[in-house]
Amino acid sequence: MIWDVIVIGVGGMGSATAYELAARGHKVLALEQHNIPHDLGASHGINRMIRLAYAEDPRYIPMLRRAYRLWRELGKTIGERLLFITGGIDAGAEDSWIVRGSLQACIEHKLKFETLTARELHQRFPGFRLPKTMVAVYQSQGGFVLSERSIVANVSLALDLGAEIHAREPVVDWRVERGKVIVRTDRASYRGARLVITAGPWIAHVVKRLRGVVKPERQVLLWAQPKRPELFEMGQFPVFYMQDGDEKFYGLPIYGTPGFKFGKYNHLKEQVDPDTMDRECHANDEEALRKGIRKFFPDADGPTIATKTCLFSNTSDENFILDLHPDFSQVAIAAGFSGHGFKFCPVVGEIMADLALDGGSKSYDLGLFKLDRLIG
Ligand SMILES: Cc1cc2nc3c(=O)[nH]c(=O)nc-3n(C[C@H](O)[C@H](O)[C@H](O)COP(=O)(O)OP(=O)(O)OC[C@H]3O[C@@H](n4cnc5c(N)ncnc54)[C@H](O)[C@@H]3O)c2cc1C
C-alpha cells in the first residue's frame, strides 16, 4: 500500500497536519515515537498562550487571525472548548522590545488596545505589581488554548476520517526511492507519495541537515499556589508576556490545576539533546522562576503545586521553518517553532497540507519561514 502522506511526529503540529490531510480526503499514516499525547516534547503542560498583538513580528498576524478561527472551529467540531479569551498584557519598559513590538503590531493591524501605567495595570488586575518604570499594552483578544486536549481532538477527528495513527512507533530512518518515500520504524516499513516531518525538538535526529540549525533548549514551568488565589483566577487575571532587561517572563491565570502558571523565556539558556536532557526540576530552576514571581507577582508566591521540564526548538532568528526539504520535493518540514508555535497549530496543519500536496501555499507568503535563510 502507498499512503498519500506519511507524517512523522504526532505532537501539536503533526496532529493538526494529520487531521487537515484526512479532512481533505487523503490516506494518512501518522507515526509517533511516544504516547499520544506525552510530556517529553514541546506541547504538554495544559495550555499555551495565544496573542494577536504579536511583538515577535506583525507578519504573523494574518496567520494568527486564521488560527483564532480554526481554534474555535476545532472546539465546535470536537464539542469541547479549546480556546479561552482572558485578555493579554505585554509589559516592560516603554522602549522594551515587547512593548514596542506589541504597539507596532496593534497599530499596523488596527487592533484595539490600551496602554496602562504600572499603577493602572495593578488597579485593573491587582495580581500585577510592576515597578513604575514599566508600562503595559492590553489587547482584549489574548488568551490561551489547551495543548494536550487539542492533540487528542486532532487525533480523534483524524481517526474518524480514516487516518491511521500509531503511537510508540519511532521512525528509525526515511529515504526517497524512485520518487516515493520509504519510512522505516522499529516495527515496519511504509511507502508514501509524500512525507511531512513535524518532529519538534527531535527534528535534527530525523532531518540531519537541520543539525545545529534548530537547537533544542531546556525549559522549566512552575505552577505556584497563590497566597491570594482570587487575584489569579480566570476572569481576574489575563495572560501576559513581559520583559525585564534581558529577561522575559510569561504567565497564565489559574486553569486546570490550582496554580498560577509561570515561565521564564529561554529559562537557563541550556542547549540540550531531547533524548539525554535532564528532566528533573532542581532548586536552581525553581529559584530562577521564583525571583520573577517575588518581584512582579508577590501575591502568587505561595507553595509549589507542580514543575515540569519542556523543550523549545530554536532557530537563530526565532522564526519558524515551514518549507520543503532542500533535496526532496516530496518532503515538507515544520520545525524551529522557537517557543511560540503552539497557537499556530491549526494554521500550520493547513500550510503543511498545502506544502505536501501542492508544494506551496496560496494563502500565505512563506518567505519568512524558508529554510535557505538558515542553511544558505
Ligand atoms: C515551556 C513552553 C512554553 C511555551 N509557551 C507557548 C505559548 O504560550 N504559546 C505558544 O504559541 N507556544 C508556546 N510554546 C511553543 C509550543 O509549545 C511549540 O512551538 C509547539 O508545541 C511545537 O510543537 P511540535 O509539534 O513542533 O513539537 P512536539 O509537540 O514536541 O511534537 C513533535 C513530536 O514528534 C515526535 N517525534 C520526534 N521524532 C520522532 C521519530 N523519530 N519518530 C516518531 N515520532 C517522533 C515527538 O515524540 C513529538 O511527539 C511553548 C513551549 C514550551 C516548551
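A short tour of the structure in this document, coming up. (Residues numbered from 1 in each chain as written. Predicted model: local features only at pLDDT ≥ 70, side-chain atom pairs only at ≥ 80, totals over all residues. Heavy atoms only, no water.)

Tallying each qualifying case throughout the model produces 24 salt bridges. Across the pair Arg-187 and Glu-169 runs a salt bridge whose closest N-O atoms are separated by 3.5 Å. Of this pair, Arg-187 sits in the loop between strand E11 (180-185) and strand E12 (189-197) while Glu-169 sits in the loop between strand E9 (164-166) and strand E10 (171-177), placing them 18 residues apart in sequence. Taking the relative accessible area as the measure of exposure, Arg-187 reaches 54% and is therefore exposed. Exposure remark for Glu-169: the relative accessible area of 1% places this residue in the buried category. Its salt-bridge partner being Asp-301, residue Arg-290 comes within 2.8 Å of it at the nearest N-O pair. Linking Arg-290 in helix H7 (residues 283-296) with Asp-301 in the loop between H7 and strand E18 (304-314), this pair joins segments that are 11 residues apart in sequence. Both residues of the pair, Arg-290 and Asp-301, belong to the buried class. One network of salt bridges, in which partners are shared, links Glu-20, Arg-24 and Asp-354. (Salt bridge = Lys/Arg side-chain N within 4 Å of Asp/Glu carboxyl O. Helix = DSSP H or I, 4+ residues; strand = E, 2+ residues; numbered from the N terminus. Buried < 20%, exposed > 50% of the residue type's maximum accessible area, 1.4 Å probe, protein only.)

Moving on, we come to the pairing of strand E13 (residues 215-224). Burial within E13 is extensive, with 9 of its 10 residues counted as buried. Inspection of the sheet shows E13 paired to E18 by 10 bridges, in the antiparallel sense. Within E18, the position partnered with Lys-215 by the bridge is Asn-314. Pairing analysis gives 2 bridges linking E13 to strand E17 (residues 270-271), with the strands arranged antiparallel. When the bridges of E17 are listed, Glu-217 appears paired with Gln-271. Looking at chain direction, E13 and strand E16 (residues 260-264) are connected through 4 bridges and run antiparallel. When the sheet's bridge partners are listed, Trp-223 is paired in E16 with Lys-261. (Pairing = 2+ DSSP bridges.)

In this model, Ile-36 is joined to Pro-37 through a cis peptide bond whose omega is -10 degrees. Phi is positive for Ile-46, close to 75 degrees, though the residue is something other than glycine. Considering the arrangement of structural elements, one finds Ile-46 in the loop between strand E2 (28-31) and strand E3 (47-50). Phi at Arg-168 takes a positive value of approximately 55 degrees, unusual for a residue other than glycine. Considering the arrangement of structural elements, one finds Arg-168 in the loop between E9 and E10.

Below, the discussion takes up the site of the ligand. Contacts to the ligand come from 34 residues, most closely from Glu-32, His-38, Ser-43, Cys-310 and Lys-343. Note that an oxygen atom of the ligand is positioned 3.4 Å from one of the backbone N or O atoms of Thr-198. Between Gly-339 and the ligand, the recorded distance is 3.3 Å, taken from a backbone N or O atom to a nitrogen atom. Starting from 1000 Å² of accessible surface for the ligand in isolation, the protein chains cover 96%. (Near = heavy atom within 4 Å. Polar contact = N/O pair within 3.5 Å; in protein donor to acceptor, adjacent residues only side chain to side chain. Areas by Shrake-Rupley, 256 points an atom, 1.4 Å probe, with all protein chains shown as cover.)

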